[in-house]
Amino acid sequence: MYFSSYLASVVHFTPVISSHRHTQTHGRSVLIVYTLHFTGLKMSRAADRLKVVLNHLDRSHGAVRASFTSAQNVSYQYHHHHPQAFQYTFDTDLLTPEQRIAYEKDGFILIRNLVSDEDIDQFRKEFERICKKEVKVPGLLVMRDVSIAKSEFVEGEKAVTKLQDFQEDPELFRYCTLPQILKYVKCFTGPNIMAMHTMLINKPPDTGKKTSRHPMHQDLHYFPFRPADRIVCAWTAMEKVHRQNGCLVVLPGSHHGTLQEHDYPEWEGGINKMYHGVRNYDPDHPRVHLEMEKGDTVFFHPLLIHGSGMNQTKGFRKAISCHYASSDCYYIDVKGTTQENISNEVKEITAKKYGIDNTISFQDTWALRGRLVQGERTSM
């Protein structure tokens, strides 16, 4: 899908290829002219958006020029390499062109102050109620750090490092349905949205064993559904998150690659259950530490390689997240693929949790958890 596809999403156009005028670029001669007929959008708004895109997309692969001829026609000329259209986002008039370009390039965007303090405080209170066993949530997976779990003296909130699959808890699941979250999710999934995977992370102070780390990984490793480009994670900081308490670390642009082989890293202090990591990735790849304030939310692609460091403070670092997928997505069979190891592990845990035999499929474990939060349930 090329740049013309994006232009078509903004304005109606008729492509005209001119053979009698040529521009030399790196030994190649080609000129493509698009005559754009605007309908429904004011000229100034459409022109501003398109100029931004033309000024940012694929600048390294040849010149891009724009010439405005009248209020009704605009000619765009680009040479040698055709800039690609947006692959990962839809035009919903919410994301700016700069944000869409950033997500194309890096695989994540950070939205500041998206979730209110009031909502986050309510989620925190519900987390505390669950830790105190004041409420029992069907299907909830309560996880403990491998080093803390060995101590019989740690109780309550300090013993719990993650709540997973809280779709049956009305208060926590309310996060997944927040309008301000869903309006962004729609930019990545389209209008039919499933909440597939829910987590509240309570990263503990490291005990000295470095077990509070999360290895670098790709979330798609855990998901038996596709296409990857219609899946997105929303991850919201429940308090100030920084390098000292183990903020997210991402490898920008790694979402352009393929799903890598994952397994448990060989860490001396042990590794938490289902904390698989990418076996081989470039350790010299540039990294970004996502330092965030309470309520900030990052949206990222499931192929983006990311992880988190140790919590070197004395407090717990909390975040709440949900993975969303278009309900138009479809399940795949992961048998014989690099995902077979996590498939077997999840089936074993699910069978134990629900007291059923292990004939349940990996796909079934996800179908049990998925909830429609917007639009229609078309496939998933």
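The present account deals with the structure reproduced in this document. Keep in mind that this is a model prediction, so the values were computed, not measured.

The rules behind the values
Residues numbered from 1 in each chain as written. Predicted model: local features only at pLDDT ≥ 70, side-chain atom pairs only at ≥ 80, totals over all residues. Heavy atoms only, no water. Helix = DSSP H or I, 4+ residues; strand = E, 2+ residues; numbered from the N terminus. Contact = heavy atoms within 4.5 Å. Areas by Shrake-Rupley, 256 points an atom, 1.4 Å probe, with all protein chains shown as cover. Axes fitted to C-alpha atoms, helices over the stretch in contact; angles between N-to-C directions. Parallel < 35°, antiparallel > 145°, perpendicular 65-115°, else oblique. Left-handed = near helix turned anticlockwise from the far one by under 90°. Nonpolar A, V, L, I, M, F, W, Y, C, P; charged D, E, K, R; others polar. Core = buried A, V, L, I, M, F, W, Y, C linked by side-chain atoms within 4.5 Å. Buried < 20%, exposed > 50% of the residue type's maximum accessible area, 1.4 Å probe, protein only. Patch = residues over 30% accessible without salt bridge, like charges linked within 9 Å, V, L, I, M, F, W, Y side chains within 5 Å. Salt bridge = Lys/Arg side-chain N within 4 Å of Asp/Glu carboxyl O.

**Structural notes on the overall build of the chain**
For the chain, the helix and strand inventory stands at 8 helices and 22 strands. For the chain, the share of sequence-separated contacts (at least 6 apart) that also reach a separation of at least 24 residues comes to 81%. On the chain, roughly 18,000 Å² of surface is accessible, and the fraction owed to carbon and sulfur atoms is 50%.

**Digging into the packing of helix H7 (residues 340–354) against helix H8 (residues 362–369)**
When two helices pack together, their arrangement is given by the angle between their axes and by how far apart the axes lie. Look at H7 against H8: their axes get within 9 Å of each other, and the N-to-C directions meet at 55°. One finds that H7 runs oblique with respect to H8. Here H7 runs over H8; the crossing is left-handed. For the pair H7 and H8, contact is made by Ile342, Ser343, Val346, Lys347 and Thr350 and by Phe362, Thr365 and Arg369, respectively. For the contact of H7 with H8, the per-class residue count stands at 3 nonpolar, 3 polar and 2 charged.

**Things to note about the nonpolar core**
Grouped together as the largest cluster of nonpolar side chains are 39 residues, with contacts concentrated most on Tyr175, Ile181, Phe299 and Tyr324. The element contributing the most residues to this core is helix H6 (residues 179–189), with 6 residues. Counting residues in hydrophobic clusters, the runner-up holds 17 residues, among them Ala228, Ala325, Phe362 and Trp366.

**As for a nonpolar patch on the surface**
A contiguous nonpolar surface patch, about 260 Å² in accessible area, is contributed by Tyr354, Ile356 and Leu368. Structurally, Ile356 can be placed in the loop between H7 and H8. The partly exposed category is assigned to Ile356, whose relative accessible area is 39%.

**A closer look at unusual backbone geometry**
Between Arg226 and Pro227 the backbone carries a cis peptide bond, its omega angle lying at 5°. Here Pro227 lies in the loop between strand S12 (225–226) and strand S13 (231–237). Backbone geometry at Asp93 places phi at a positive 70°, although glycine is not the residue there. A relative accessible area of 52% places Asp93 in the exposed class. In this model, Lys133 sits at a positive phi of 60°, which is unusual for a non-glycine residue. On the secondary structure map, Lys133 appears in the loop between helix H4 (117–131) and strand S8 (141–143).

**Describing the side chain of Asp165**
Structurally, the position occupied by Asp165 is in the loop between strand S9 (162–164) and helix H5 (170–173). With relative accessibility at 3%, the residue Asp165 sits in the buried group. Apart from the residues within four sequence positions on either side, Asp165 is in contact with Gly139, Leu140, Leu141, His197, Thr198, Lys353 and Arg369.

**Structural notes on the environment of Arg213**
With respect to the element layout, Arg213 can be found in the loop between strand S10 (193–203) and strand S11 (214–217). Separated by 98 residues in the primary sequence, Arg213 and Asn311 have C-alpha atoms spaced 7.5 Å apart.

Treat this as a map of the structure, not an account of what it does.
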